[in-house]
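Structural overview for review
Take a look at the letters that make up each chain.
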Amino acid sequence: MSNLDAITFPIDFVWGVATASYQIEGAANEGGRGVSIWDTFAHTPGKVLHGDTGDIACDHYHHLAEDVALMQQLNISSYRFSLAWPRIQPDGKGPLNNEGIQFYIELLDRLEKANISPFPTLYHWDLPQTLGDQGGWTQRDTAYRFADYVEMVVDALGSRVQRWITLNEPWCSSWLGYATGQHAPGETDLAAALSANHHLLLAHGLAVDVIRRDTDAQVGITLNLAHVTPASEHELDIQAARLVEGNANRMFLDPIFKAAYPTDMLNLYGDSVAHIRRDDLAIISRPIDFLGVNYYHPSIVGSRERLHEHAAMGYHVDNTKAPTLLETTSNAIHLRRPGIPRSLMGWEIEPKTFTDLLIKVREGYGEIPIYITENGMSNADYARQDATVVDPERIEYLNGHIRAVHDAISAGVDIKGYYVWSLLDNFEWALGYSQRFGLIYVDYPTARRTPKSSYFWYRDLITSRAVG
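Residues numbered from 1 in each chain as written. Predicted model: local features only at pLDDT ≥ 70, side-chain atom pairs only at ≥ 80, totals over all residues. Heavy atoms only, no water.

Helix and strand content of the protein: 17 helices and 16 strands. Here the C-alpha radius of gyration of the protein, 21 Å, is about what a compact globule of 468 residues would show, namely 23 Å. Its C-alpha atoms give the protein principal-axis dimensions of about 55 × 55 × 45 Å. Buried positions account for 61% of the 468 residues belonging to the protein. Sequence-distant contacts in the protein: of pairs separated by 6 or more residues, those separated by 24 or more amount to 77%. (Helix = DSSP H or I, 4+ residues; strand = E, 2+ residues; numbered from the N terminus. Rg over C-alpha atoms; globule rule 2.2 N^0.38 Å. Buried < 20%, exposed > 50% of the residue type's maximum accessible area, 1.4 Å probe, protein only. Contact = heavy atoms within 4.5 Å.)

Rendered as structure tokens:
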């Protein structure tokens, strides 16, 4: 198919945008909101670029009406957002905070009037600090506290929501939070990361039970799956890539869909998986209605022992990726290929790998319906003198990846919808405000919103259901 050929999506295909609470809401000390581990992490010197925090972020809390109006003008049919646990239950236990839940009730009211279906995520990394002080996700009790919180939310909002996401990217919560220290709470301990990995999945399974018991809604989980390719056909490179892929994908997909952790990963981790109890996997593998997939870029992985050979092949070490303790243990290293375009984040852009990944998921785990819950790129956007923001690079990226989604559908993958990350420029975690992913430009000092050219391109795509 030529890049000039138009492709059309089914009339019931869901088009949306995505955000996350800590990245956009602000109002950190308003409405009875408690402190999250990301508040603490961001206020710790040296943890976030330029000392940025999410205290104000995009000030979505005070711009709710404007932001929903911008969504309506975009013609989206669905909005994926996350609920801030500390805004609803400030200490991670105890009674519901009425003022906090009212914020989300107002959001749901406005979405309903705009004919936009809500797609809430129950956890997108902002764990109440009180639970963090007690060990956070390294502790089994946090999974049970999450189930209590989910029951509280479903009781308050359940009749308004038809689809729930339990967790967003538990790999990031566990491995970036507890192994590399790049994310909150900033620990660097392999055993802690493995414990968090497991307890997050247990929390997911417990949440599925609550939602099934109390509603007729659909429920799923969002994973940031990796497309990992070995740097060469050498046995050491293949082994290194296999372990990295196992850590990123199979450590989550296998427990959810096969009720078992991958044998090669258990062998690698050894005694560090002693926290797994006999009946846990039956809970983790509760049937779900859909899988959310977040995807941004491919990964090339080789063995650290072959760095000289990689250099001779034109590869460079990818310094945008700090190696996890797993990769240090397994001698795996991320590499960059020559001649491949990259985003401002330094991530390679190769849409075909998105198609390949989606087909691989179907082949390995069955015909589970899939929503693309995040896909997008960071770009060096700026407001021009005429107050417009032009971002052709993002349009090209989205065009390529939406075409890749269509190719996966044509190959038999059951993909129900696609959500651009993100509606707004926002707080990009440890990188602060240095990266702009939004369809809408945010001037942070004034909170002024300016739709970018990609916003209008996406609006026209949604209207026509065609990429031309």
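Still more ground to cover, so stick around.
Counting residues in hydrophobic clusters, the biggest one holds 143 residues, and the most contacted among them are Phe146 and Tyr458. Take this core: its biggest share by element is 13 residues, from helix H9 (residues 190-214). Those residues within four positions of Tyr458 in sequence are excluded, and the remaining contacts are Trp15, Gly16, Val17, Leu74, Ile76, Ile402, Tyr418, Val420 and Leu439. Residues Ala226, Val228, Ala241 and Ala332 belong to the second largest nonpolar core, which totals eight residues. (Core = buried A, V, L, I, M, F, W, Y, C linked by side-chain atoms within 4.5 Å.)

Before going further, it helps to spend a moment on the sheet that holds strand S11 (residues 332-336). Taken in spatial order, the four strands line up as S7-S9-S11-S10 in an open sheet, and their pairing is mixed. Two strands in the sheet have a free side with no partner beyond their single neighbour: strand S7 (227-230) and strand S10 (316-317). Bridge count between S7 and strand S9 (residues 298-303): four bridges; the pairing is parallel. Bridge pairing in S9 places Val228 opposite Ser299. (Pairing = 2+ DSSP bridges.)

The next subject is the packing of helix H8 (residues 170-178) against helix H10 (residues 235-258). The N-to-C vectors of H8 and H10 enclose an angle of 125°; their axes lie 10 Å apart at closest approach. Taken together, the axes of H8 and H10 lie oblique to each other. Judged by the sense of rotation from one axis to the other, the crossing of H8 with H10 is right-handed. Taking contact as the criterion, the partners of Pro170, Trp171, Ser174 and Trp175 in H8 are, on H10, Asn247, Ala248 and Phe252. The residue inventory of the contact of H8 with H10, partitioned by class, reads five nonpolar, two polar and no charged. (Axes fitted to C-alpha atoms, helices over the stretch in contact; angles between N-to-C directions. Parallel < 35°, antiparallel > 145°, perpendicular 65-115°, else oblique. Left-handed = near helix turned anticlockwise from the far one by under 90°. Nonpolar A, V, L, I, M, F, W, Y, C, P; charged D, E, K, R; others polar.)

Mapped onto the elements, Thr19 comes out in the loop between strand S2 (14-18) and helix H1 (21-24). What makes Thr19 buried here is its relative accessible area of 1%. Separated by 2.6 Å, the side chains of Thr19 and Tyr79 make a polar contact. The residues contacting Thr19, other than those within four sequence positions of it, are Ile24, Tyr79, Arg80, Phe81, Ser82, Trp421, Ser422 and Leu423. (Polar contact = N/O pair within 3.5 Å; in protein donor to acceptor, adjacent residues only side chain to side chain.)

Next up on the list: the state of the cysteines. According to the stated counting rule, one finds zero disulfides in the structure shown. Here Cys58 stays unpaired: no disulfide links it, and the sulfur of Cys172, its closest cysteine neighbor, is 19 Å away. Accessibility expressed as a relative area gives 0% for Cys58, which makes it buried. Relative accessible area serves as the criterion here: at 7%, Cys172 is assigned to the buried category. (Disulfide = S-S within 2.5 Å.)

With that settled, consider the side chain of Arg33. Topologically, Arg33 is positioned in the loop between H1 and helix H2 (37-42). Within the structure, the side chain of Arg33 is placed 3.1 Å from the backbone oxygen of Ala28, a separation counted as a polar contact. In terms of polar contacts, Arg33 uses its side chain to reach the side chain of Asp39, at 2.9 Å.

Take the environment of Val317 next. Inspection of the secondary structure puts Val317 in strand S10. Note: C-alpha distance between Val317 and Val301 (16 residues apart in sequence) is 9.6 Å. The residues touching Val317, leaving out its near neighbours within four places in the chain, are Leu307, Ile333, His334 and Leu335.

Turning our attention to the pattern of salt bridges. It is possible for side chains of opposite charge to pair when their charged atoms get near one another. Per the stated rule, a full pass over the model turns up 33 salt bridges. Put simply, Arg33 and Asp39 hold a salt bridge, and the shortest N to O gap is 2.9 Å. The burial state of Arg33 is the same as that of Asp39; both residues are buried. Residue Arg160 pairs with Glu112 through a salt bridge whose shortest N-O separation is 3.7 Å. (Salt bridge = Lys/Arg side-chain N within 4 Å of Asp/Glu carboxyl O.)

Another point: unusual backbone geometry. Cis geometry marks the peptide bond from Ala184 to Pro185, where omega comes out at 5°. Mapped onto the elements of the fold, Pro185 is located in the loop between H8 and H9. The omega torsion of the bond from Trp421 to Ser422 falls at 15°, within 30 degrees of zero and hence cis. Turning to its location among the elements, Ser422 is positioned in the loop between strand S13 (415-421) and strand S14 (440-443). Of note in this structure, Asp59 is not a glycine but carries a positive phi near 55°. On the secondary structure map, Asp59 appears in the loop between H2 and helix H3 (64-74). The phi torsion at Trp429 lies on the positive side, around 50°, for a residue other than glycine. Here Trp429 shows up in the loop between S13 and S14.

Moving on, we get to the sheet that holds S2. Strand order in the closed barrel made by the eight strands is S2-S3-S4-S5-S6-S8-S12-S13, with parallel pairing throughout. The sheet shows a mean angle of 25° between the axes of neighbouring strands, direction not considered. Sheet analysis places S2 next to S13, joined by five bridges and oriented parallel. Note that in S13 the partner of Gly16 across the bridge is Tyr419. Most of the contacts of helix H16 (residues 392-410) go to S13, to which it runs at about 165°, and overall it touches S2, strand S12 (370-374) and S13.

Geometry only, nothing functional implied.
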